[in-house]
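# Structural overview for review
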Amino acid sequence: MPNPDHGLPERIGHLFAAALNVEVPSAETDLFDSGILDSLAFVELLLLLEREFGVSASVDDLEIENFRTVARIAGFVAARGADAPKVVSFGRTR
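What counts, and at which threshold
- Residues numbered from 1 in each chain as written.
- Predicted model: local features only at pLDDT ≥ 70, side-chain atom pairs only at ≥ 80, totals over all residues.
- Heavy atoms only, no water.
- Helix = DSSP H or I, 4+ residues; strand = E, 2+ residues; numbered from the N terminus.
- Buried < 20%, exposed > 50% of the residue type's maximum accessible area, 1.4 Å probe, protein only.
- Contact = heavy atoms within 4.5 Å.
- Areas by Shrake-Rupley, 256 points an atom, 1.4 Å probe, with all protein chains shown as cover.
- pLDDT = per-residue confidence, 0-100.
- Core = buried A, V, L, I, M, F, W, Y, C linked by side-chain atoms within 4.5 Å.
- Salt bridge = Lys/Arg side-chain N within 4 Å of Asp/Glu carboxyl O.

Right, let's get into the overall build of the protein. Each helix and strand counted, the protein has 3 helices and 2 strands in total. Of the regular secondary structure in the protein, the N- to C-terminal order runs α-α-α-β-β. The buried share of the protein, taken over its 94 residues, is 32%. Contacts in the protein between residues far apart in sequence, at least 24 positions, make up 61% of those at least 6 positions apart. Within the structure as shown, the protein displays about 6,100 Å² of accessible surface, and the carbon and sulfur contribution to it stands at 54%.

Rendered as structure tokens:
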């Protein structure tokens, strides 16, 4: 059975390394308690997620629990269908 996360935790971990210059030890590391994310880095992360995956967060989405770990960020991205493969049918993308 294929992995439904489409490698999102690894891709998000790479974003941290490449764009924020931070290595995240694991997908379950608490990004806030460990000091990896602060308010400025959090805003930068939101911009990176929008650019990389096409997701944007509304004010209601900005609950800290959605962004506490790489695994939770991957769930946030996946829940918005941002990284799901596009299905093309009869000339339309859905």
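This part covers the confidence of the model for the protein. With 80% of its residues at a pLDDT of at least 70, the protein reaches an overall mean of 84. For residues 83-94, every residue scores under 50 in pLDDT, and the model assigns this stretch 15 contacts once sequence neighbours within four places are set aside.

Turning our eyes to something else, we now look at the nonpolar core. Judged by nonpolar contacts, the single largest core of 23 residues is most densely connected at I12, F16, L31, L49, F53, I73 and V77. Put simply, the parts of the chain that give this core at least two residues each are α1 (8-19), α2 (39-53) and α3 (70-79). Those residues within four positions of L31 in sequence are excluded, and the remaining contacts are F16, V24, I36, L37, F67, R68, T69, V70 and I73.

To continue, consider the pattern of salt bridges. Within this structure, the stated rule accounts for 6 salt bridges. In this structure, the salt-bridge partner of E65 is R68, at a minimum N-O distance of 3.2 Å. Through salt bridges that share partners, D30, D33, E65, R68 and R72 make up one connected network.

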